[in-house]
Amino acid sequence: MIDAAVELGADGLVVNVLGAGHAPPAMADALARAAAQIPVAIVCRPARAAMPFETYAFEGSERDVRATAAVAAPFFSAPAARMKLLVALSAGLTGELLSGLFAVDDAQ
């Protein structure tokens with residue numbers, strides 16, 4: 001579905017990942033492909049959960065998800081991250097400016 005959204009011309013995506021930022025390996029690969037082309041914000045399920053930086057090292061762990069160009073928004077619900085992404089895209093933010101907008105809410 002992630003690849004299809006990009007192919008159909010999505011301007012950006014908000015994607016729920018599991019637990020503390022984990023994604024099945026095929027999903028992590030799709031996130032990397034999508035984030036290389038369009039802005040992608042990652043939120044955690046359960047909503048508003050912390051997303052570690054390097055706690056786990058298995059394939060598809062938060063380390064792999066964070067290694068993509070996607071921006072982490074773990075303390076946002078999916079609808080809130082969507083609104084923030086819509087505002088950022090409407091303002092013309094891309095690249096580092098867009099990443100920076102979400103980074104202020106991503107605890108390290």
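Owing to the predicted nature of the structure, the values given are computational and were not obtained by experimental measurement.

## Some remarks on the sheet that holds strand β1 (residues 13-18)
Here's step 1: Spatially, β1-β2-β3 is the arrangement adopted by the three strands of the open sheet, whose pairing is parallel. The open sheet has two edge strands with one neighbour each: β1 and β3 (71-72).
Here's step 2: Sheet topology places strand β2 (residues 40-45) next to β3; two bridges connect them, and they run parallel. Residue pairing in the sheet places Ala41 in a bridge with Val71 of β3.

## Details of the pattern of salt bridges
Here's step 1: Following the criterion strictly, the structure yields one salt bridge and no others.
Here's step 2: Here Asp3 makes a salt bridge to Arg33, at a shortest N to O gap of 2.7 Å. Taken together, the positions of Asp3 in helix α1 (residues 2-7) and Arg33 in helix α2 (residues 25-35) put the pair 30 residues apart, joining distant regions of the chain.
Here's step 3: Residue classification places Arg33 among the partly exposed residues on the basis of a relative accessible area of 41%.

## Side note on the packing of helix α4 (residues 78-90) against helix α5 (residues 95-103)
Here's step 1: The geometry of α4 relative to α5 is characterised by a closest axis approach of 11 Å and an angle of 145° between their N-to-C directions. Regarding α4 and α5, the two cross each other, and that crossing is right-handed. Counting all contacts with α4, which are made through Ala81, Lys84, Leu85 and Ala88, the residues of α5 involved are Leu98, Leu101 and Phe102.

Calculation rules
Residues numbered from 1 in each chain as written. Predicted model: local features only at pLDDT ≥ 70, side-chain atom pairs only at ≥ 80, totals over all residues. Heavy atoms only, no water. Pairing = 2+ DSSP bridges. Helix = DSSP H or I, 4+ residues; strand = E, 2+ residues; numbered from the N terminus. Salt bridge = Lys/Arg side-chain N within 4 Å of Asp/Glu carboxyl O. Buried < 20%, exposed > 50% of the residue type's maximum accessible area, 1.4 Å probe, protein only. Axes fitted to C-alpha atoms, helices over the stretch in contact; angles between N-to-C directions. Left-handed = near helix turned anticlockwise from the far one by under 90°. Contact = heavy atoms within 4.5 Å.

Read these as layout, nothing more, since geometry by itself doesn't imply function.
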